[in-house]
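The primary structure of each chain is shown beneath.
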Amino acid sequence: LLEQRESAQRRGAKSLATLGAWATAFEPALRGGSVATAGVRSLNGALTREGCSASGVGAIFSSASGSKETDVAEAEAFSQVFGAALIDTPVYAVKGTAGEWEGASGALQVLAAVQSLAEGVIPPAAGTEEVDPALPRLLLPRAPIARQIQRAAVHVLDPSGCSSTLLVRGPQGG
């Protein structure tokens, strides 16, 4: 259930997470735009609106489309935004476990982020046994990681150059 904090408090409901800042970007690939740049712009836009740095993000929930070109662009965007902190920031792709959900994939990623924030566990990234060595180094969990994080980034990127990022805060609001 998604509702305003005050309404949940009046009902005595337990908050699992709070939606934070978001941003979208479009770099039309058909017109020479960079898909990775779209990812960088949406990630930086959400972080700026949230008023936090990349180090304030405890996990990334990645779209990981399965397209080599788009996955490389997404990993490059993560590397540009997170820098050296990327190797310590778990990256989880729900599609490796649940498959492709097309337009609903972002919503499924948000649900996975909320569950991780509420339970303090980052799930393993299924289907990542072989990772292209040309990709930036990513922390792709092979087993669940018990970690209390205050904020997660949900990132979606498509091959046409559309990108969105939503920051989700833990139950205390990050």
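Undergrad: How would you explain the pairing of strand β7 (residues 162-169) if you had to name every residue and give the values?
TA: Of all the 8 residues making up β7, 6 are buried; the element is thus mostly covered by neighbouring parts of the structure. Pairing between strand β1 (residues 18-26) and β7: 7 bridges, direction antiparallel. Bridge pairing in β7 places Ala25 opposite Ser163. The turn joining strand β6 (residues 151-157) and β7, which pair antiparallel and follow one another in sequence, is formed by 4 residues; a positive phi near 105° is taken by Gly161.

Undergrad: Any chance you could break down the side chain of Lys95 for me, citing the residues and the numbers?
TA: Inspection of the secondary structure puts Lys95 in helix α4 (residues 95-98). Within polar-contact distance, the side chain of Lys95 engages the backbone oxygen of Ser63 at 3.4 Å. The contact partners of Lys95, leaving out residues within four places of it in the chain, are Ser63, Ala64, Ser65, Glu100 and Ser105.

Undergrad: Lay out the packing of aromatic side chains in plain terms, naming residues and giving numbers.
TA: What the rule picks out here adds up to 1 aromatic pair. Relative to Tyr92, the ring of Phe61 has its centre 5.7 Å away and its plane inclined at 70°; by these criteria the two rings are edge-to-face. Placement of Phe61 in strand β2 (residues 59-61) and of Tyr92 in strand β3 (residues 91-92) is noted, with a sequence separation of 31 residues between them. With respect to class, Phe61 is no different from Tyr92; both count as buried. Residue placement shows Arg49 over the ring face of Trp22; its charged tip is 4.9 Å from the ring centre.

Undergrad: Which residues make up helix α2 (residues 35-50), and what values do they have?
TA: In a regular helix each residue adds 1.5 Å, so 16 residues correspond to 22 Å; α2 covers 23 Å between its end C-alpha atoms and thus fits that length. Residues of α2 that are buried: Val35, Ala36, Ala38, Gly39, Val40, Ser42, Leu43, Ala46, Leu47 and Glu50. Capping the start of α2, Ser34 holds a side-chain oxygen 3.3 Å from the backbone nitrogen of Ala36, two or three residues further along. Looking one or two places after α2, you find Gly51, whose phi comes out positive at around 75°.

Conventions adopted
Once a new chain begins, its residue numbering starts again from 1 and follows that chain's sequence as written. Local features in this predicted model are restricted to residues whose pLDDT is 70 or higher, and side-chain atom pairs enter the listing and the counts only when it is 80 or higher, whereas totals over whole chains, interfaces and linings include all residues. Hydrogens and water molecules were not included; the side-chain quantities draw on all heavy atoms of the structure. Remark: exposure states derive from per-residue accessible area (1.4 Å probe, protein chains only) relative to the maximum for the residue type, with buried under 20%, exposed over 50%, and partly exposed in between. A run of DSSP states H or I qualifies as a helix once it reaches four residues; a run of E qualifies as a strand once it reaches two. Both are numbered from the N-terminal end. The pairing criterion is simple: DSSP has to find at least two bridges between the two strands. Polar contact criterion, stated in full: a pair of N or O atoms within 3.5 Å, where within protein one must be able to donate a hydrogen and the other to accept it, and residues adjacent in sequence count only if both atoms are side-chain atoms. Two residues form a contact once any of their heavy atoms are found within 4.5 Å. By convention, a stacked pair of Phe, Tyr or Trp rings (six-membered ring in the case of Trp) has centres within 6.5 Å and planes under 30 degrees apart, an edge-to-face pair has planes over 60 apart, and any other such pair is tilted. Criterion for a charge above a ring: Lys NZ or Arg CZ within 6 Å of the ring centre, and within 35 degrees of the ring normal. In this scheme, a helix's expected span is set at 1.5 Å multiplied by one less than its residue total.

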